[in-house]
Amino acid sequence: MPELPEVETVRRTLERNYLNKTITKVEVLYPKMIKTSLKEFSTLLCNATISSIGRKGKYLLINFDNEYTIISHLRMEGKYVLREQDEEISSHTRVIFYLQDNSKLCYDDSRCFGVMYLVKTNEVELNKELSKLGSEPFFIDNPEYLYNIFKKSKKEIKTNLLDQTIMAGLGNIYVDEVLFKSKINPYLSSNLLTLEDCEKILFYSKETLNKAIKLGGSTVSSYHPEKGIDGKFQNELLAYGKSDTPCVCCNTTLRKDKLNGRGTTYCPKCQNVAISIGLTGKIASGKSTVLKMFKDLGAKVFSSDEEVNNLYKEITFKKELINLFSSQVLNDDLSISKEYIKNIIINNDEMKKKLENLVHPIIKERIIKFLQKNKCEKLLVVEVPLLFEARLSHLFDYIVGINVTLPTQIRNLKARGSKKVNQDLTLNQNHTFDKNAHKCHYLISNDGSKEELEIQVKNIYHDITK
């Protein structure tokens, strides 16, 4: 969606090319786009001359000498295009303004999301959309204005910066840029910001918007300020659109997640967003032990094994398992018999796949919720035995794998009371782990002592969080 710099660039383009031009006829090809009287829109603009072109937030204000104003919002893909009178219009043309000089100003909008209002010029500020807008960063001199609003809100700071009623002009692109430059976590609760944070936000909002305006906005997706013309600020972007590339400040890989449905790109390190680790490994390799060691170091942890155990206790999921395996899956106390399930799937790949199709989506959803909920922690560690099989590696900044030899696995399985060691080894994902071990950022060897294991875990922790 065109943001303030793009709309300001369009305003300047219209002002340069159409000021003092007179409209002779208006043709509306998509009536739903006009939010005031369609008849007045077509008749009152005939013989009206464009006297000035203004802007408020992301709204264009096209003022006429007859004291009427078009309030225009481009939304996703709206654009104004000059065409000669005999030039063919686009299939996306929605409104045509025929001009006295035998040219025509076309409003093109492929998605038809744009809107126009025709109002009396002296009533522009009464428009219900414009009246809600907060001040633009350029007109806010004191960061206390933001600080006093934010300290009353527990919403994420990115959500509040996108709220045009608080401060108008920042959209998704520029919020990502401002927060990156300010080194502020986009997930941080607004009431935790300091006055200094608000000062940074205001400073970089002005700096970023001014530079973007100077360069004609950002040409991303289908936005172009003029026919055949591109903005150039996209070449200056440091965060937006740069996910999976190194941070220009610290070389950490930038990540992109969803925050309240909006794509959000950030540097985990510079912006103090929780760094996430996916912990995986062979069966009986010590994943739970390593998870506890990370927890003792201060990480917030999530165990997929524990979550599966909890899932098996939920009534609705028990019913799913009964439908899949029959009522024999229940023990005498009505708990789920994992031994029964293990005996069924050991030689039945189809049933194994059906079970995974039940379990994996639920655990994935809970992992994502855990990661989203704890973005303001320092380090998140998620133990996922089937990380590669479930294709969850993309959720994490780092993958830590635990490798052990077969004798160690057997010893660990016996120590945990396994009565069918060979069966457990048949069920495990050793082969898959070996095949994917090269994808791990760190590999832990757990064939030695507990002290040696602790040293490896501490080294990884300090390397990742330094």
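A brief structural summary. (Residues numbered from 1 in each chain as written. Predicted model: local features only at pLDDT ≥ 70, side-chain atom pairs only at ≥ 80, totals over all residues. Heavy atoms only, no water.)

## Here's the deal with the packing of helix α8 (residues 304-311) against helix α11 (residues 349-373)
What counts here: Throughout, an axis means a line fitted to C-alpha atoms (over the contacting stretch in the case of helices), and angles, computed between N-to-C directions, take values from 0 to 180 degrees. Strands are runs of DSSP state E lasting at least 2 residues, helices are runs of H or I lasting at least 4, and numbering of each runs from the N terminus. Note on angle classes: values under 35 degrees are labelled roughly parallel, values over 145 roughly antiparallel, values of 65 to 115 roughly perpendicular, and the remainder oblique. Whether a crossing is left-handed or right-handed is set by the direction in which the near helix is turned from the far one by less than a right angle, anticlockwise for left-handed and clockwise for right-handed. The contact criterion used is simple: two residues touch if any of their non-hydrogen atoms lie within 4.5 Å. Any residue that is not Ala, Val, Leu, Ile, Met, Phe, Trp, Tyr, Cys, Pro, Asp, Glu, Lys or Arg is counted as polar, Gly included; the first ten are nonpolar and the last four charged.
Close contact between α8 and α11 brings their axes to 11 Å; oriented N to C, the two are set at 120 degrees. Viewed along their axes, α8 and α11 adopt a mutual orientation that is oblique. The way α8 lies across α11 gives a crossing that is right-handed. Within the contact between the two elements, α8 uses S304, E307, V308 and L311 and α11 uses V359, I362, I363, R366 and I367. For the contact of α8 with α11, a count of residues per class yields six nonpolar, one polar and two charged.

## Some details on the sheet that holds strand β15 (residues 442-445)
Note the following rule: For two strands to pair, DSSP has to find at least two bridges joining them.
Read from one edge of the open sheet, five strands run β12-β13-β11-β14-β15, paired in parallel fashion. Edge positions in the sheet fall to β12 (300-303) and β15, since each has one partner strand and no second. The average undirected angle you get between the axes of adjacent strands in this sheet is 20 degrees. Of the pairings in the sheet, the one linking strand β14 (residues 398-403) to β15 comprises four bridges and is parallel in character. By the bridge assignment for β15, G401 is matched with L443. The strands touched by α8 are β12 and β13 (379-383); relative to β12, the strand with the most contacts, the crossing angle is about 50 degrees.

## Some remarks on the packing of aromatic side chains
Where two aromatic rings form a pair, the distance of their centres and the angle of their planes describe that pair. Formally: Between 30 and 60 degrees the pair is tilted, below 30 it is stacked and above 60 it is edge-to-face, where a pair is any two Phe, Tyr or Trp rings, Trp via its six-membered ring, whose centres lie within 6.5 Å. Three labels apply to residues, based on accessible area from a 1.4 Å probe with only protein chains included: buried if under 20% of the type maximum, exposed if over 50%, partly exposed otherwise in between. Two conditions define a charge located above a ring, namely a distance within 6 Å from the ring centre to NZ of Lys or CZ of Arg, and an angle within 35 degrees of the ring normal.
Evaluated as defined, the whole model comprises seven aromatic pairs. Relative to F97, the ring of F41 lies with its centre 6.2 Å away and its plane at 50 degrees, an arrangement referred to as tilted. Pair noted here: F41 is in helix α2 (residues 38-44) and F97 is in strand β6 (residues 93-99), with a separation of 56 residues, a long-range link. Comparing F41 with F97, the two get one shared label, buried. For the ring pair F203 and Y204, a centre distance of 5.1 Å and an interplane angle of 80 degrees mean the geometry is edge-to-face. Under the relative-accessibility criterion, Y204 is labelled partly exposed at 22%. Note that K25 overlies the ring of Y98, its terminal NZ or CZ placed 5.4 Å from the centroid.

## Observations regarding the nonpolar core
Selection criterion: We call a set of buried residues a nonpolar core when its members are Ala, Val, Leu, Ile, Met, Phe, Trp, Tyr or Cys and they connect through side-chain atoms within 4.5 Å of each other.
In terms of nonpolar packing, the biggest core is built from 31 residues, with I341, I367 and F396 touching the most fellow members. Every element with two or more residues in this core is listed here: α8, α9 (315-325), α10 (338-345), α11 and β13. Here the element with the most residues in this core is α11; it accounts for seven residues. Among all residues touching F396, those that are not within four sequence positions of it are R255, S276, I277, G278, I367, L371, V382, V384 and L387. One finds Y18, A48, F64 and M116 within the second-largest nonpolar core, a separate group that totals 29 residues.

## What about the sheet that holds strand β2 (residues 50-56)?
Sheet architecture is open: four strands sit in the order β2-β3-β4-β8, paired in antiparallel fashion. Taken across any chain shown, the strands that pair with only one partner, and hence form the sheet edges, are β2 and β8 (115-120). The mean inter-strand angle of the sheet, taken between neighbouring strand axes irrespective of direction, is 20 degrees. Of the strand pairs in this sheet, β2 and strand β3 (residues 59-64) are connected by six bridges, and their pairing is antiparallel. Opposite I53, over in β3, you have I62 as the bridge partner. Of the strands in this sheet, β2 and β3 are in contact with helix α1 (residues 4-18), which crosses β2 at around 175 degrees.

## Details of a positive patch on the surface
Condition: Residues with no salt bridge and a relative accessible area higher than 30% make up the patches, which join like charges within 9 Å and nonpolar side chains (Val, Leu, Ile, Met, Phe, Trp, Tyr) within 5 Å. For the area figures, the Shrake-Rupley method with a 1.4 Å probe applies, and any residue is considered shielded solely by the protein chains shown. Salt-bridge detection follows one rule: a side-chain nitrogen of Lys or Arg within 4 Å of a carboxyl oxygen of Asp or Glu. Neither His nor the chain ends contribute to the count of charged residues, in which Lys and Arg are positive and Asp and Glu negative. By convention, the charge on Lys lies at NZ, on Arg at CZ, on Asp at CG and on Glu at CD.
Together, K32, K35, K128 and K132 line one region of the surface with positive charge. Examined against the element boundaries, K35 turns out to sit in the loop between β1 (23-28) and α2.

## What about the pairing of strand β11 (residues 275-281)?
With seven of seven residues buried, β11 lies mostly within the body of the structure. Residues I275, I277, L279 and G281 point to one face of β11 and S276, G278 and T280 to the other, with burial holding for every one of them. Sheet topology note: the β11/β13 ladder contains five bridges and is parallel. Looking at β13, one finds that I275 is bridged to L379. Here β11 runs beside β14; their pairing, made up of five bridges, is parallel. Each bridged residue has a counterpart across the sheet, and for I277 the counterpart in β14 is Y398.

## As for the packing of helix α5 (residues 172-182) against helix α6 (residues 195-214)
Here α5 crosses α6 at 130 degrees, and the two axes come no closer than 9 Å. Of the possible angle classes, the one that applies to α5 and α6 is oblique. The handedness of the crossing between α5 and α6 comes out as right-handed. Residues Y174, E177, V178, K181 and S182 of α5 pack against K200, I201, Y204, S205, E207, T208, L209 and A212 of α6.

## Examining the pairing of β13
The buried fraction of β13 amounts to five of the five residues, a majority that puts the element mostly inside the structure. The side-chain alternation of β13 yields two buried faces, one formed by L379, V381 and E383 and the other by L380 and V382. Looking at chain direction, β12 and β13 are connected through four bridges and run parallel. Across the sheet, F302 pairs through a bridge with V382, a residue of β13.

## Here's the deal with the side chain of N160
Selection rule: Two N or O atoms form a polar contact when they lie within 3.5 Å of each other; inside protein one atom must be a possible hydrogen donor and the other a possible acceptor, and for residues adjacent in sequence the pair counts only when both atoms belong to side chains.
Structurally, N160 can be placed in helix α4 (residues 157-162). A relative accessible area of 5% means that N160 is categorised as buried. Within polar-contact distance, the side chain of N160 engages the side chain of S190 at 2.8 Å. Residues within four places of N160 in sequence aside, it is in contact with F150, S153, K155, I166 and S190.

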